[in-house]
Amino acid sequence: MTMLARDLPLPADWDRSGLPAWTYHSVALLELEKRKLFRTHWQLAGHVSDVPAAGDFFTVDIADDRALVARGDDGVVRAFHNLCRHRGSRVTAERRGHCQRAFVCPFHGWTYNLDGTLRGAAQPQSFGALDRSKYGLKPIGLEIWMGFIFIRFENGPQPAVAQLMAHFAEELACYRLEAVVPAGAPSETVLPVNWKSVRDVDNEGYHVAMAHPALQDLYGATYFDQPYVNGVSRSEGRYATNRGRLWSVRAYVGLSSGPLWLAEDKRRLWSYFGLFPNAVLAVTPESVQFYQEFPLAVDRTLIRGAVYRRPDETRSDRLARYLAQRIDRETYKEDIQLSVWSNESMKSCGFDGFHLSDLERGVRSHHDHLRAVLPVMRLEKQPKETEVAALNEKMLQPAGAHTVT
Ligand code: FES
């Protein structure tokens, strides 16, 4: 079993610096991040309950790529590029919906079966001999783990999701995540910051005591982070029945206990499971949610998330979930401001980089994971934009095969 960082000894002289500021505003680096991170790492797309019936589908845009996830007539959930094989139009522009029999491309009308095979082209005689078997929707990698759908546009350095998340399987099994259902429509918000500034804030709990009154009131000093090891991280906060200075926290604690079948040690626990590079699965006694960041530009990030509930939710569970989401919304607003301020500083001549606390190892471990994939991020001085990709390739070569200063 993978040891997470809380279990590992902390060297007294660990490097407390973070990524250099240029990595937050380099267009050339962002292009590498899109190709080497977002295209090749597993992305949490949704849950099987988002597509309960044959013909149900949803779409998600991830950096430069677009995915269409659909359940076929045979009950199988598949993922494709949302990209028509004729000239690349979106096969559907909807975020989610139900397709009765076939997807019809809105550009010229090519039609695709629910399993992605090409049913037919409009005016097929105009293509000469068209081999339909060669023009189905392009499939992309998909894995279902505990009911959640993970997709990947290209194979990359990560193993299967089940292997990646194996450390958490036993802990999460008791939540019956396979059975949850959507608690509402997924959310999408655009923030005016680099995606890493959002993740930096979310990757540590050092700021909770100062910046998040409601979270501090809820679980206070019990909160701790286990930073990223082998692509996953974990954090948790526990609360007692007598907590709650704020009315919303007091009301939540009074209502929240989880279902009777939930293990006793999970009934007063909020836990967060990080998946490198950009996603978190957050579990409470009443609900489970995920949130993630996708870069739109060096200074624009799409935050996407969704909340799921148990199908047998009681009235008091629903109220508790509402109150938990209220606490989350406040926390999210506070985090946005922190992300903006942190991101702004990256362009200031006064910024000398991070000096991280022991309680911020989550930030450092995420940066270490980034540097393992994109070693050019180790360069303190910004390279020329035209040289970023080549330098990165050189730095990926075995030691001694090159010299970079
Ligand atoms: Fe889809 Fe032409 S691009 S039918």
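Residues numbered from 1 in each chain as written. Predicted model: local features only at pLDDT ≥ 70, side-chain atom pairs only at ≥ 80, totals over all residues. Heavy atoms only, no water.

A.B. asks: Please clarify how the overall build of the protein should be interpreted in this entry.
C.D. replies: Assigned secondary structure in the protein consists of 10 helices and 18 strands. On C-alpha atoms alone, the protein measures out to a radius of gyration of 23 Å, which is about the 22 Å that the 2.2 N^0.38 rule sets for 405 residues. Considering only C-alpha atoms, the protein reaches an extent of 70 × 60 × 40 Å along its principal axes. Evaluated residue by residue, the protein yields a buried proportion of 54% over its 405 residues. The contacts in the protein between residues at least 6 apart in sequence include a share of 66% that link residues at least 24 apart. By element, 53% of the accessible surface of the protein is carried by carbon and sulfur atoms, the whole surface being about 18,400 Å². Charge-centre separation for the protein: the mean point of 49 positive side chains lies 4 Å from the mean point of 48 negative side chains. (Helix = DSSP H or I, 4+ residues; strand = E, 2+ residues; numbered from the N terminus. Rg over C-alpha atoms; globule rule 2.2 N^0.38 Å. Buried < 20%, exposed > 50% of the residue type's maximum accessible area, 1.4 Å probe, protein only. Contact = heavy atoms within 4.5 Å. Areas by Shrake-Rupley, 256 points an atom, 1.4 Å probe, with all protein chains shown as cover. Lys, Arg positive; Asp, Glu negative; His and termini not counted. Charge placed at Lys NZ, Arg CZ, Asp CG, Glu CD.)

A.B. asks: When you look at the sheet that holds strand β5 (residues 96-98) in this model, what are you seeing that I'm missing?
C.D. replies: Strands pair in a sheet through their backbones, by hydrogen bonds, and they do so in one of two ways: parallel or antiparallel. A sheet is described by the order of its strands in space; here four strands give the open sequence β4-β3-β2-β5, paired in antiparallel fashion. Of all the strands in the sheet, the pair left with one neighbour each is β4 (77-81) and β5. Sheet twist, expressed as the mean angle between neighbouring strand axes with direction ignored, is 20°. As judged from the three bridges shared by strand β2 (residues 56-62) and β5, these two strands associate in the antiparallel manner. Paired with Phe 58 across the strands is Arg 96, a residue of β5. (Pairing = 2+ DSSP bridges. Axes fitted to C-alpha atoms, helices over the stretch in contact; angles between N-to-C directions.)

A.B. asks: I would appreciate a short explanation of the sheet that holds strand β1 (residues 43-47) in the present structure.
C.D. replies: Strand order in this open sheet of three strands is β1-β10-β9, and the pairing throughout is antiparallel. Two strands lie at the open edges of the sheet, namely β1 and β9 (141-145), each paired on one side alone. If you compare each strand with its neighbour and ignore which way they point, the axes differ by 30° on average. For β9 and strand β10 (residues 148-152), the ladder comprises five bridges, and the chain directions are antiparallel. Counterpart to Ile 144 in the pairing with β10 is Ile 149.

A.B. asks: Teacher, can you tell me more about the environment of Ala 183 here?
C.D. replies: As for its position among the elements, Ala 183 is in the loop between β11 (181-182) and β12 (187-191). Residues Ala 183 and Arg 321 lie 138 residues apart in sequence; the distance between their C-alpha atoms is 9.5 Å. Among residues more than four places away in sequence, those in contact with Ala 183 are Val 307, Tyr 308, Arg 309 and Arg 321.

A.B. asks: Any chance you could explain the nonpolar core here in plain terms?
C.D. replies: It is characteristic of soluble globular proteins that their nonpolar side chains tend to be buried jointly. Counting residues in hydrophobic clusters, the biggest one holds 44 residues, and the most contacted among them are Leu 37, Ile 149, Ile 151 and Val 376. For this core, the secondary structure elements donating two or more residues are α1 (27-38), β2, β3 (65-71), β4, β10, α9 (361-373) and α10 (388-396). For this core, the element with the most residues is α1, which contributes six residues. Here Leu 37 is in contact with Leu 32, Gln 43, Trp 195, Phe 276, Pro 277, Leu 370, Val 373 and Leu 374, once residues within four sequence places are set aside. With 26 residues, the next largest nonpolar core counts Met 146, Val 232, Leu 281 and Val 283 among its residues. (Core = buried A, V, L, I, M, F, W, Y, C linked by side-chain atoms within 4.5 Å.)

A.B. asks: Sorry if this is basic, but what is going on with the pairing of β2 here?
C.D. replies: One face of the sheet, then the other: side chains in a regular strand alternate in exactly this way. With respect to burial, β2 is a largely interior element, seven of its seven residues being buried. Burial of β2 is two-sided: the residues Asp 56, Phe 58, Val 60 and Ile 62 facing one way and the residues Phe 57, Thr 59 and Asp 61 facing the other way are all buried. One ladder, built from six bridges, connects β2 with β3; its direction is antiparallel. Residue pairing for β3: Phe 58 is matched across the bridge by Val 69. Count of turn residues in the β2/β3 antiparallel hairpin: two residues, of which Ala 63 carries a positive phi of about 55°.

Shape is all these values report; function is a separate question.
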